[in-house]
Amino acid sequence: MGSDEFILGEFSRTLDDRFRLSIPTQITDLLAPKEDDLILVKERPGCLSLWNGPQWQGKLDAGVNLVHAKIAAGKLENRIADVQLLGRLLSTRQRNVALAGKGRLLIPEGFREFLGVDAGGEVLIIGAAVCVEIWKPEAWLQNLEEKMPEFRSLLDQLSG
């Protein structure tokens, strides 16, 4: 992460006719010092996340290297279908992106459909502590309704 501060906040934005949206600078300044050091990731239907590129890539590389080591050691011989599934998901899950002028992010094809918001539609930009999430409003509301009752318990667990 570009900063030790949590990335927090909730912002409503509209996708323009070319599927671009403006990311607030107070969020991008915390996420990555260079605007071209970002990775967009498919998280869950109706949600994309924007990560600091080196941070995301480091975590991903560590996980993939561990899988490679297990394959080399013969520990995944009976799980070829799982390895293939991982490969397919890795092939489509992320893309390096850069912010254009005024902090505009272009949502690439393939990611647009996953987000499920048409050009001209509303999105919510949510600070998720270590990354920025872009939500279809209906998906965000459903997620919030499911997760908000767990807030106090989660805070207690993480801070205790």
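We now turn to the structure provided with this report.

About the cut-offs
Residues numbered from 1 in each chain as written. Predicted model: local features only at pLDDT ≥ 70, side-chain atom pairs only at ≥ 80, totals over all residues. Heavy atoms only, no water. Phe/Tyr/Trp six-rings, centres within 6.5 Å; stacked < 30°, edge-to-face > 60°. Buried < 20%, exposed > 50% of the residue type's maximum accessible area, 1.4 Å probe, protein only. Lys NZ or Arg CZ within 6 Å of the ring centre and 35° of its normal. Salt bridge = Lys/Arg side-chain N within 4 Å of Asp/Glu carboxyl O. Helix = DSSP H or I, 4+ residues; strand = E, 2+ residues; numbered from the N terminus.

Before going further, it helps to examine the packing of aromatic side chains. Within the structure shown, the criterion is met by 2 aromatic pairs. When the centroid spacing of 5.2 Å and the interplanar angle of 45° are considered together, the rings of tryptophan 51 and tryptophan 56 count as tilted. Tryptophan 56 shares its class with tryptophan 51; the two are buried. Above the plane of the ring of phenylalanine 111 lies lysine 42, whose end atom (NZ or CZ) is 4.8 Å from the centre.

Two side chains that carry opposite charge are able to pair once their charged atoms sit near each other. According to the stated counting rule, one finds 5 salt bridges in the structure shown. The closest approach of N and O atoms between glutamate 133 and arginine 44, which form a salt bridge, is 4.0 Å. With glutamate 133 in strand β8 (residues 132-135) and arginine 44 in strand β3 (residues 38-44), this residue pair connects regions lying 89 residues apart in the sequence. Take glutamate 133: its relative accessible area is 12%, and that puts it in the buried class. Notably, a salt bridge pairs aspartate 82 with arginine 79, separated by 2.9 Å at the nearest N-O pair. Here aspartate 82 falls in the partly exposed class, since its relative accessible area comes to 41%.

A word on unusual backbone geometry. Within the chain, lysine 102 stands out as a residue other than glycine whose phi angle is a positive 60°. Among the structural elements, lysine 102 can be located in the loop between β5 (94-97) and β6 (104-106). Residue lysine 102 is classed as exposed on the basis of its relative accessible area, which comes to 76%. Positive phi, close to 70°, is recorded for alanine 129, a residue that is not glycine. Looking at where alanine 129 falls in the secondary structure, it is placed in the loop between β7 (122-127) and β8. The class for alanine 129 is buried, based on a relative accessible area of 17%.

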